[in-house]
Amino acid sequence: MEVTLKVLRFNPETDTESHFEEYKVEADPMDRLLDLLHEIKWYQDHSLAVRRSCGHGICGSDAVVVNGVNRLACKILVKDLPSEITVEPIRGMPVIRDLVVDMEPFFAGYRAVKPWLITDDREHEPDRERIQSPEERARFDDTTKCILCAACTSSCPIFWSDEEYVGPAAIVNAHRFIFDSRDSGADERLQILSSKNGAFKCRTAFNCTDACPRGIKVTMAIQEVKQAALYRSV
Amino acid sequence: MPNNVHIYDAVIVGAGGAGLRAALEASKGCKTAVVSKMYPTRSHTGAAQGGMCAALANVEEDSWEWHAFDTVKGGDFLSDQDAVDVMCQEAVESVLDLERMGLPFNRTPDGKIDQRRFGGHTRNHGEAAVKRACYAADRTGHMILQTLFQQCNKQGVEFYNEFFVLDLIIEGGVCGGIVAYEIATGEIHTFRAKAVLFATGGYGKMFKITSNAHTLTGDGPGLVYRKGLPLEDIEFFQFHPTGLYRLGILLSEAARGEGGILRNGDGERFMERYAPTIKDLAPRDMVSRAEFFEIKEGRGAGPNKDYVLLDLTAVDPEVVEAKLPDITEFARTYLGVDPLKEGVPTVPTAHYAMGGIPTNVNTEVLRSAHGEVVPGFYAAGECACVSVHGANRLGTNSLLDIIVFGRRGGLGMAEHAARTKLIDIPDDVAKPSEDWIASLTDGQSPEPIAAIRKDLQEEMWDKVSVLRTDEGLGQAINSVAHLRERYAKARVKDRSKVFNTELVEHIELGFIIDMAEALVISAKARTESRGGHYREDHQKRDDEHWLKHTFINKTPDGDTRLAYKPVTMGRYEPVERKY
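Residues numbered from 1 in each chain as written. Chains lettered and ligands numbered in written order. Predicted model: local features only at pLDDT ≥ 70, side-chain atom pairs only at ≥ 80, totals over all residues. Heavy atoms only, no water.

A. Inspection of the overall build of chain A at higher detail. Helix and strand content of chain A: nine helices and seven strands. Judged by the C-alpha coordinates and their principal axes, chain A covers about 60 × 35 × 30 Å. Counting across all 234 residues of chain A, residues that qualify as buried make up 59%. Excluding contacts between residues fewer than 6 apart, the proportion of contacts in chain A whose partners are at least 24 apart in sequence is 64%. Put simply, chain A shows about 9,500 Å² of open surface, and 49% of that area lies on carbon and sulfur atoms. (Helix = DSSP H or I, 4+ residues; strand = E, 2+ residues; numbered from the N terminus. Buried < 20%, exposed > 50% of the residue type's maximum accessible area, 1.4 Å probe, protein only. Contact = heavy atoms within 4.5 Å. Areas by Shrake-Rupley, 256 points an atom, 1.4 Å probe, with all protein chains shown as cover.)

This is the structure in structure tokens:
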């Protein structure tokens, strides 16, 4: 079958504004959108810029806007798309070229919430592993799945209008530690997330939950963080 | 000082598990930078699924020595046994260390790290499968990559993301840094350093069907080969038995560890014939060959009888959903098959390079088969060959390898930096790289490089994958030489300086061709079958002539030269591999 791709293009060396270019590609229903982008790049228009690596939804490189919603190009198949497909870069971050955006604002938000294990036993660490029950482990399982693809953060209307907002992915990664029984950094993280650029900026639009390619209940995680911040109890 | 020159004690190329683990260690002791062609969390360590073995004995009796035996036997006795001992002894502390960094392992009912069965891992030298793999569902590699990235952020490790290595600086036989291409701007940078570690990953993209990411193109070992330095055991490439049909996407061996069974087109559990004791959990080379034989002899499944089925229908659905969620989703998403209800079409998929840049147990790169090192140059992870995996890597030992030897690399670099000075390098050290990049955009290309890459991948798959012959390898050598000529004429059409991924792919293909050349020449010379290298015309292992490592290097006039290095033996004498 033939499908039409409209891809939003921008090269800062030659363009003052972005513009759509149209490509026709022969496709199999089981092809990934990434396969079509490769077909264009490899045989029709070598100049198309897109990030990708693993090709099966694990590395988080190829989040794009597909017909208005955020998806990984390697995880959406032709059979689940109409025969006319619009592909744009994810929003809220500066476009470097074509489908490639500057990820630094995203990672700055991530780093701001101290996404690493904070413990108060650094002086005398246990010889063996820390003990954690399967139930304690399950408490934060959902948010360990994050691959930092930015599909959630770049789908958030608050993030579009306010780049100081840490964004859904940062809160997800804070959640992953706040609810980890081994972690003792909840207070400092909740303090950061209670500030004006933190979790309370969220207006529960649910775009993030819909966008997450890993199926993380992002909005719920944000709500749990808000509650923890309000009651300072985990 | 000219622009774009950076000075560090230690520079690490690659930000997967080995690179990040090295960075954590090196940056404690010296000024360290990580240079990576991708954002660190895009690295393919994140795609590893099943687990990381260590004899914790949390669930069943176990010992590091049993683990070492399994590794050596799984490697068809080509592993250097001193290196295997180091890896299996340090495995226990490596896993505990990751847990203390925050890695969310699955837990036993009493709260310890849980363990499960994995291919080739046995109790007491082969008696029965043992629960040795520490895991986090079927996303253990993801958790390792995320945990190490978290710790690097905590420690303030400096990253140069989306910088592509172009050259390795060696002056007077001593390593003095690298040259790299900044993808976002097209600028060339020189990184001077007292120590450089390559942790650039594998090169599975030379094959048509592979579990490897598009970016796994052998950049590190390819550069080493161009420098005239040797590569070790490149003929040994692992084909994983359960790749998704046509796509090659990995379905973890953990699926069989949890009770999954392989069936042929007749519904028969064919591994009972090939490995009566541990059946579906035999080492990967044996299972992949068994699949090829079943298909070749007309017992494949499907309309074209060209795959086998991974049957999970007898496994408790709760176990599948809880412990194998990702691979279940892959089957549903990419093949439209629900593993809870029907067998998943699978084929062997090019998965892992046992060979690579030769190193000693301290990750120092070897200059020759005699064991002298290149001062200041280190390598770890899949791009390196210590050699712990020998002729066939056991499942989970790759994650172990990157942690154990990544750490050793970091320590080694910090120690080296403390006792040495930056070497002098010529002012125009980046000139060859600049000229090279300029030449790639000079002129018209007779064909797109995608066509060359596709032909290479098909030829390598047809003639140099699970089953090999002298005739096929001879043809492949000619094909690779011809593809190299086509590649030399190809040019990059996109002339932009900004995020020119056509240029990046062009350079990557050059490295892949280098690695394919090293592989086919090494493979043709080895007239025996051992581990992942199976010759239909020499079906037996030949310890009398071939219990040795292959070293291949390019001479200044462009020829290749083969040399051999004895295997470091230890407690285990070679015996026939039966499972």
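Next, the rest of the story.
B. Representation of the environment of Val365 of chain B within the structure. All names here are of chain B. As for its position among the elements, Val365 is in strand 16 (residues 364-366). Residue classification places Val365 among the buried residues on the basis of a relative accessible area of 1%. The spatial distance from the C-alpha of Val365 to the C-alpha of Lys31 is 21 Å, given a sequence separation of 334 residues. Apart from residues no more than four positions distant in its own chain, Val365 is found in contact with Ile357, Pro358, Thr359, Glu372, Val373, Val374, Phe377, Tyr378 and Ala379.

C. Inspection of the packing of helix 6 (residues 168-178) of chain A against helix 9 (residues 218-231) of chain A at higher detail. Residue and element names in this part refer to chain A. Taken N-terminus to C-terminus, the directions of helix 6 and helix 9 make an angle of 60 degrees; their axes are 9 Å apart at the nearest point. Taken as axis vectors, helix 6 and helix 9 run oblique relative to one another. Crossing hand, helix 6 versus helix 9: left-handed. In contact with Pro168, Ile171, Val172, His175 and Ile178 of helix 6, helix 9 contributes Val218, Ala221, Ile222, Glu224 and Val225. Class assignment for the residues of the contact of helix 6 with helix 9 results in eight nonpolar, one polar and one charged. (Axes fitted to C-alpha atoms, helices over the stretch in contact; angles between N-to-C directions. Parallel < 35°, antiparallel > 145°, perpendicular 65-115°, else oblique. Left-handed = near helix turned anticlockwise from the far one by under 90°. Nonpolar A, V, L, I, M, F, W, Y, C, P; charged D, E, K, R; others polar.)

D. Representation of a nonpolar patch on the surface in the model. Residues Phe200, Leu230 and Tyr231 of chain A make up a contiguous nonpolar surface patch of roughly 350 Å² in combined accessible area. One can find Tyr231 of chain A in helix 9. (Patch = residues over 30% accessible without salt bridge, like charges linked within 9 Å, V, L, I, M, F, W, Y side chains within 5 Å. Salt bridge = Lys/Arg side-chain N within 4 Å of Asp/Glu carboxyl O.)

E. A look at the sheet that holds strand 19 (residues 548-554) of chain B. All names here are of chain B. A sheet is described by the order of its strands in space; here three strands give the open sequence 10-19-20, paired in antiparallel fashion. Both outer strands of the open sheet, strand 10 (231-232) and strand 20 (560-566), are each paired with one neighbouring strand and no more. Of the pairings in the sheet, the one linking strand 19 to strand 20 comprises seven bridges and is antiparallel in character. Considered in strand 20, the bridge of His549 is made with Lys565. (Pairing = 2+ DSSP bridges.)

F. The arrangement of the nonpolar core in detail. Within the largest apolar cluster, 128 residues are counted, with the highest numbers of intra-cluster contacts made by Leu5, Leu33, Leu37 and Leu193 of chain A together with Leu98 of chain B. For this core, the element with the highest residue contribution is helix 3 (residues 81-101) of chain B, accounting for eleven residues. Residues lining this core come from more than one domain, with at least three contributed by each of domain 1 (2-101) and domain 2 (104-231) of chain A. In contact with Leu193 of chain A, other than residues within four places in its own chain, are Val113, Val166, Ile171, Ala174, Ile178, Gly198, Ala199, Phe200 and Val225 of chain A. Within the second largest apolar cluster, 86 residues are counted, among which are Leu166, Val224, Val498 and Phe499 of chain B. (Core = buried A, V, L, I, M, F, W, Y, C linked by side-chain atoms within 4.5 Å. Domains from an automatic or database assignment.)

G. Spotlight on the packing of aromatic side chains. For the coordinates displayed, the defined rule picks out 22 aromatic pairs over all chains. Centroid distance Tyr110 of chain A to Phe149 of chain B: 5.9 Å. Interplanar angle 15 degrees. Geometry classified as stacked. Taken as a pair, Tyr110 of chain A in helix 2 (residues 104-112) and Phe149 of chain B in helix 4 (residues 140-155) lie in two separate chains rather than in one. Residues Tyr110 of chain A and Phe149 of chain B agree in their burial class; the two are buried. Every member of this aromatic cluster is reached through a ring pair, and the members are Phe106, Phe107 and Tyr110 of chain A together with Tyr39, Phe149 and Phe159 of chain B. For the cation-ring pair, Arg453 of chain B lies above Trp42 of chain A, with the distance from its terminal atom to the ring centre recorded as 4.4 Å. (Phe/Tyr/Trp six-rings, centres within 6.5 Å; stacked < 30°, edge-to-face > 60°. Lys NZ or Arg CZ within 6 Å of the ring centre and 35° of its normal.)

H. Spatial organisation of the pairing of strand 5 (residues 128-134) of chain B. All names here are of chain B. Examined bridge by bridge, strand 3 (residues 52-53) and strand 5 share two bridges and lie antiparallel to one another. Across the sheet, Cys53 pairs through a bridge with Ala133, a residue of strand 5. Pairing between strand 4 (residues 115-123) and strand 5: five bridges, direction antiparallel. Along strand 5, the bridge assignment pairs Arg116 with Ala133. As consecutive antiparallel partners, strand 4 and strand 5 are separated by four residues, and within that stretch Asn124 has a phi angle of approximately 45 degrees, a positive value.

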